[in-house]
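# Descriptive structure summary
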Amino acid sequence: WFAAILVCIALLAFVAYIFFDIKLDRQQEQQKLINKDEVFKLSDLLDLLKNNSFLYITALCLLFYSAVFPFLSFSADFFLNKYGLSLERSGAISSLLPIGTVIFTPLFGLYVDKKGNAASLMILGSAILMLVHFLFMSTQLPPYIPMIMLGIAFSLVPAAMWPSVARIVDENRLGTAYGLMFSIQNLGLWGFPIMAGIILDNTNKSTEGALNYGPTMLMFLILGSAGMVFALLLRRYSIKNGRGLDKPMKPADEKKEK
């Protein structure tokens, strides 16, 4: 019932937002604040697909989130089978991820605003994610340690990634860019949990004993590694083309990539 209440509140807030947005559009039309260049065109999507920085950061978004959220949905059962923990304790360890993001994401976001290093932080977060899945797959390290590390990684990358989009995409295409990124991200969040379940089923034909999560964790490790590649490509390309993703955040006064 609590979740249902939250959904109702979110729906009401969305409906209210729609009315305010319609009102704002009418005011801007009356005051002639909307330029023809700001109207959405299908060619905007093509322009985004020609932007290498946007392609790299979108690929990182897809792979990074696909290596985190699907794992989180399996994590309690993974802890139960690999470490022999109770469901209650497994769930408590899994909750370390959202708790960590609440603590660390604002701090890392503040750091990106003041000091910059957004591209480097995306690389660091991707590297930590790779290490976390390697530790889960190959060691018996107490699970709360990798989960705390995962919380740090999951704060580092989003805190640096989402503000960086505004630095590599023109302002009049920013909504389109975010919408396209979210759509591609959600494709991964739909497909990779299914793939993880298929791998888990096919590598555990026997119903006796604990489930072997090794091949499934290898999939998450591969996703994290691929995300690391695109984080490196993004930083290299931003340096080569003067995108300045490692510079402190400031009002957009640089020429965006066409």
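Residues numbered from 1 in each chain as written. Predicted model: local features only at pLDDT ≥ 70, side-chain atom pairs only at ≥ 80, totals over all residues. Heavy atoms only, no water.

## Here we look at a nonpolar patch on the surface
The condition that has to hold: A patch consists of residues whose relative accessible area exceeds 30% and which take part in no salt bridge; residues with like charges are grouped when within 9 Å of each other, and nonpolar side chains (Val, Leu, Ile, Met, Phe, Trp, Tyr) when within 5 Å. Calculation of accessible area relied on Shrake-Rupley with a 1.4 Å probe; when residues are assessed, cover is drawn exclusively from the protein chains displayed. Salt bridges are defined as contacts in which a side-chain nitrogen from Lys or Arg sits within 4 Å of a carboxyl oxygen from Asp or Glu. Under the scheme used here, helices are H or I runs from DSSP no shorter than 4 residues and strands are E runs no shorter than 2 residues, and both carry numbers assigned from the N terminus.
On the surface, L11, F14, V15, Y17, I18, F19 and I22 cluster together into a nonpolar patch covering about 690 Å² of accessible area. With respect to the helices and strands, the residue L11 is situated in helix 1 (residues 2-30).

## Side note on the confidence of the model for the protein chain
Stated precisely, the cut-off is as follows: For every residue, the predictor reports its confidence as pLDDT, a number between 0 and 100. Throughout, a residue-residue contact means that at least one pair of heavy atoms, one from each residue, lies within 4.5 Å.
With 88% of its residues at a pLDDT of 70 or more, the protein chain shows a mean pLDDT of 86. With pLDDT under 50 throughout, residues 252-258 is counted as low confidence; its partners more than four residues away or in other chains account for 20 contacts.

## A look at the packing of helix 3 (residues 52-66) against helix 7 (residues 118-138)
Basically, it comes down to this: Axis angles are defined between N-to-C directions and span 0 to 180 degrees, where every axis is a line fitted to C-alpha atoms and, for a helix, only to the segment in contact. Roughly parallel covers angles under 35 degrees, roughly antiparallel covers those over 145, roughly perpendicular covers 65 to 115, and oblique covers all other angles. It is the rotation of the near helix from the far one that decides the hand of a crossing: anticlockwise by less than a right angle makes it left-handed, clockwise makes it right-handed.
The geometry of helix 3 relative to helix 7 is characterised by a closest axis approach of 12 Å and an angle of 25° between their N-to-C directions. Taken as axis vectors, helix 3 and helix 7 run roughly parallel relative to one another. Our pair here, helix 3 against helix 7, has a crossing hand that is left-handed. Note on element contacts: helix 7 touches helix 3 through M122, G125, S126 and L129, opposite I57, L60 and F64.

## Considering the pattern of salt bridges
The line we're drawing: Buried, partly exposed and exposed residues are distinguished by accessible area as a fraction of the type maximum, computed with a 1.4 Å probe on protein chains only: under 20%, between the cut-offs, and over 50%, respectively.
The final tally for this structure, using the stated rule, is one salt bridge. Between D170 and R173 there is a salt bridge, with its nearest N and O atoms 3.0 Å apart. The exposure classification of D170 matches that of R173, with both residues buried.

## Thoughts on the nonpolar core
To be explicit about the condition: What we call a nonpolar core is a set of buried Ala, Val, Leu, Ile, Met, Phe, Trp, Tyr and Cys residues that are connected through their side-chain atoms within 4.5 Å.
I57, M122, F136 and M161 are the most contacted members of the largest nonpolar core, which has 59 residues in total. Every element with two or more residues in this core is listed here: helix 3, helix 4 (69-83), helix 6 (96-115), helix 7, helix 8 (144-168), helix 9 (174-202) and helix 10 (214-240).

## Re the environment of F154
Its location among the elements puts F154 in helix 8. Residue F154 is classed as buried on the basis of its relative accessible area, which comes to 11%. In this structure, the C-alpha to C-alpha distance between F154 and L97, residues 57 residues apart in sequence, is 7.8 Å. Those residues in contact with F154 that sit more than four places away from it in its chain are F64, Y65, V68, F69, L97 and T101.

## A few points about the environment of L189
With respect to the helices and strands, the residue L189 is situated in helix 9. For the pair L189 and F69, spaced 120 residues apart in sequence, the C-alpha to C-alpha distance is 7.2 Å. If sequence neighbours within four positions are ignored, L189 has contacts with Y65, S66, F69 and P70.

## Description of the packing of helix 7 against helix 10
We count it as follows: Amino acids outside the nonpolar list (Ala, Val, Leu, Ile, Met, Phe, Trp, Tyr, Cys, Pro) and the charged list (Asp, Glu, Lys, Arg) are all regarded as polar, and Gly is one of them.
Running from amino to carboxyl end, helix 7 crosses helix 10 at an angle of 165°, the nearest separation of the two axes being 9 Å. Judged on the interaxial angle alone, helix 10 and helix 7 are roughly antiparallel. Pair helix 7 / helix 10 crosses with left-handed handedness. Of the residues assigned to the contact of helix 7 with helix 10, the class counts are 17 nonpolar, seven polar and one charged.

## Let's talk about helix 9
The test is simple: Take the number of residues in a helix, subtract one, and multiply by 1.5 Å to get its expected span.
With 29 residues, helix 9 should cover 42 Å at 1.5 Å per step; its first-to-last C-alpha distance of 42 Å lies within 8% of that length. Listed in full, the buried residues belonging to helix 9 are L174, T176, A177, M181, Q185, G188, F192, A196, G197 and L200.

## A word on the packing of aromatic side chains
Any two aromatic rings considered together are summarised by their centre-to-centre distance and by the angle between their planes. Just so we agree on the cut-off: The aromatic pairing rule takes the rings of Phe, Tyr and Trp, using the six-membered ring of Trp, and pairs them if the centres are within 6.5 Å, calling planes under 30 degrees apart stacked, those over 60 edge-to-face and the rest tilted.
Scanning the model with the defined rule gives 21 aromatic pairs in all. Between the aromatic rings of Y65 and F69, the centroid separation amounts to 5.8 Å while the plane-to-plane angle is 25°, which identifies the pairing as stacked. Judged by its relative accessible area of 34%, F69 falls in the partly exposed class. Between F69 and F154 the ring centres are 5.2 Å apart and the planes differ by 80°, which places this aromatic pair in the edge-to-face class. On the criterion of sequence distance, the pair formed by F69 in helix 4 and F154 in helix 8 is long-range, its members being 85 residues apart. In this structure an aromatic cluster arises from ring pairing among F71, F74, F78, F79, Y83, F136, Y213 and F220.

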